[in-house]
Amino acid sequence: MDLDYNPSRKSLIKNKWVATVASIWIQCTSGSLYTFSIYSPVLKSSQGYDQSTLNTISVFKDLGANAGILSGLLYSTTVRGGRRGPWVVLLAGAVQCFLGYFLMWLTVTQVLPRPPVAVMCLYMLLAAHAMTFFNTANVVTGVHNFQNYAGTIVGIMKGFLGLSGAILIQVYQTIFKDKPSSYLLMLAFLPTISSLLFMGFVRIYKSNEENEKRYLNSFSFLAVLLASYLTAVIIVENILKLRLSIRVFTFVLLILLLVSPVFVAIDAQREKSYRMIKSLLEHNQVTDDREDMPQIRQNEVSNGADQGTETSDDTLRRGDDLNLLQAMCTISFWFLFITTACGMGSGLATVNNLAQIGGSLGYTSLEIDTLVSLWSIWNFLGRFGAGYISDYFLHAKGWPRPLFIAITLAAMSIGYVMVAFGFPGALYAGSVLVGVCYGSQWSLMPTIASEIFGKVHMGTIFNTITIAGPVGSYVLSVRIIGYFYDREASDNGKTCIGNHCFKLSFIIMASVTFLGSLVALALFFRTRNFYKHVILRRLLYSQQWSSLLVDTE
């Protein structure tokens, strides 16, 4: 807790808890990337694209949504020396989001003439690129605000982003059902308005408070509750045809669940105010001795946290903050790059082709929409669960986080094998396993990057690594899935029906993710001494420092 904290009306809305709630709300509307299958059919039919052309456009979507170097550089530049940086990054994202989707909507509705494929790719790139600005501002700010629980806060932010796909689809089905062109217009306005409304609250507050884990657990509980509710609604909608009044009722309940995080922020700030007022009543003044004590102990903490030992990478010896070029000179960076290409690349290729995969296996339009919505739920469970579980095992058992990348990529390869052989229900079962493991990469990789390379340039470094996702997606989506699909469909026009359409593609993706698992295992062995001698010591001393601040109240 800050020793100079002064309860005031201003502090009620300007604190790390309100900043977290604002970031959550922005994340909840930023996941249009995961709903491509909703509007891709109208994009394909209105522009006369074949499957390979549609996959090429989807690759530019993946490239825009993962090439976040500019957002990282903008964040590092604007945040340095002040707290006003994150809103600039969010504003830049809002402008790109509106322009990209609005131009796409004008094209699909034929207000604008049909553009060349390259121009449509540019529209998609611009719209998707906005997500990197939303994501960078919210995730990196969260890591700065909760340094002792980086995995948990990254999991929360990435988790709500994963849920946003299902949330956006619920809005679509309630207001614009069976009007995918109107959905494009909604994507132009909703994320933009959300970002503009809440960007002023997203700030960095460098303070450690008592019971941070307790309130982060409350955010986590609400995230799980929201995911459970969305899952139930999606399943019921798949079984029953709901009347408009019932859909509106379920939508109102959804809005109430989305509002609920603000009560966690109020509770956290109320407790902090209570503790501070109680401390002021008990102590008339703080003696010089007690003022000096935290400074001495803080020096001890700093010295202790820096006492690293030799690791496999000389640049990782003391856990220094590395810039992008320094990070790229380490083997650990490229290990993370390869695992990201295998895990995120194959996952992006899967979600981009869910509609076509479902169609080839005889699924109805409603079942395909259900698959896309449930993918967001599994994606959430992976993002949230991997961050929370890896934090637990790091604090309790000292297990390095790269081990969890190895485990999830191995499980991901099993999911692809299940889909490849196409037994009844295989797409549902396989998409659960693949979705959870794919989501895990989104919380594990940024957290590992912040621990290995430091937090100062975290936004730039993890966004650079994320570029591996669309690289892998291009190879697997266009050169593998698109190529084999079009080859199988050559005798029947542009449509392929049957298990054979995607079987070989998924066997190849299973092999790719297994290779990524082996690379992650190598990263685990390479960094385990670093985690033992640097990361765990840093956590220990930080916790002792937080306890000392509480004792001085």
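Quick notes on the rules
Residues numbered from 1 in each chain as written. Predicted model: local features only at pLDDT ≥ 70, side-chain atom pairs only at ≥ 80, totals over all residues. Heavy atoms only, no water. UniProt positions renumbered as here; feature names shortened; annotations may be inferred. Phe/Tyr/Trp six-rings, centres within 6.5 Å; stacked < 30°, edge-to-face > 60°. Helix = DSSP H or I, 4+ residues; strand = E, 2+ residues; numbered from the N terminus. Buried < 20%, exposed > 50% of the residue type's maximum accessible area, 1.4 Å probe, protein only. Salt bridge = Lys/Arg side-chain N within 4 Å of Asp/Glu carboxyl O.

- Going by the annotation in an unreviewed UniProt entry, the name recorded for the protein chain is NUCLEAR FUSION DEFECTIVE 4-like, with Olea europaea subsp. europaea given as the source organism.
- One UniProt comment on the protein chain, placed under Subcellular location (unreviewed entry), says "Membrane".
- Here the protein chain is described in UniProt, under the heading Sequence similarities (unreviewed entry), as follows: "Belongs to the major facilitator superfamily. Phosphate:H(+) symporter (TC 2.A.1.9) family."

## As for the packing of aromatic side chains
Consideration 1: Under the definition given, this model contains 29 aromatic pairs.
Consideration 2: A ring pair is formed by Phe 98 and Phe 102, whose centres lie 5.1 Å apart and whose planes are at 15°; its orientation type is stacked. Taken together, the residues span about one helical turn, with Phe 98 and Phe 102 both in helix H6 (residues 85-108) at a distance of 4 residues.
Consideration 3: Residue class for Phe 102 comes out partly exposed when judged on its relative accessible area of 25%.
Consideration 4: Three or more aromatic residues joined by ring pairs form one cluster here, namely Phe 36, Tyr 39, Tyr 101, Tyr 172 and Tyr 183.

## Brief notes about the pattern of salt bridges
Side chains that differ in sign of charge can pair as their charged atoms come close.
Consideration 1: Under the criterion given, the structure shown has 4 salt bridges.
Consideration 2: The partner of Asp 267 in a salt bridge is Arg 270, with the nearest N and O atoms 3.9 Å apart. Taken as a pair, Asp 267 and Arg 270 lie in helix H12 (residues 261-282) at a separation of 3 residues, close to a single helical turn.
Consideration 3: Where Glu 451 meets Arg 401, a salt bridge forms, and the shortest distance between an N and an O atom there is 2.7 Å. Taken together, the residues span a long stretch of sequence, with Glu 451 in helix H19 (residues 426-453) and Arg 401 in the loop between helix H17 (365-396) and helix H18 (402-421) at a distance of 50 residues.
Consideration 4: Its relative accessible area of 8% is what places Glu 451 among the buried residues.
Consideration 5: Look at Arg 401 and you get buried, because its relative accessible area is 2%.
Consideration 6: A network of salt bridges, in which partner residues are shared, links Asp 391, Arg 401 and Glu 451.

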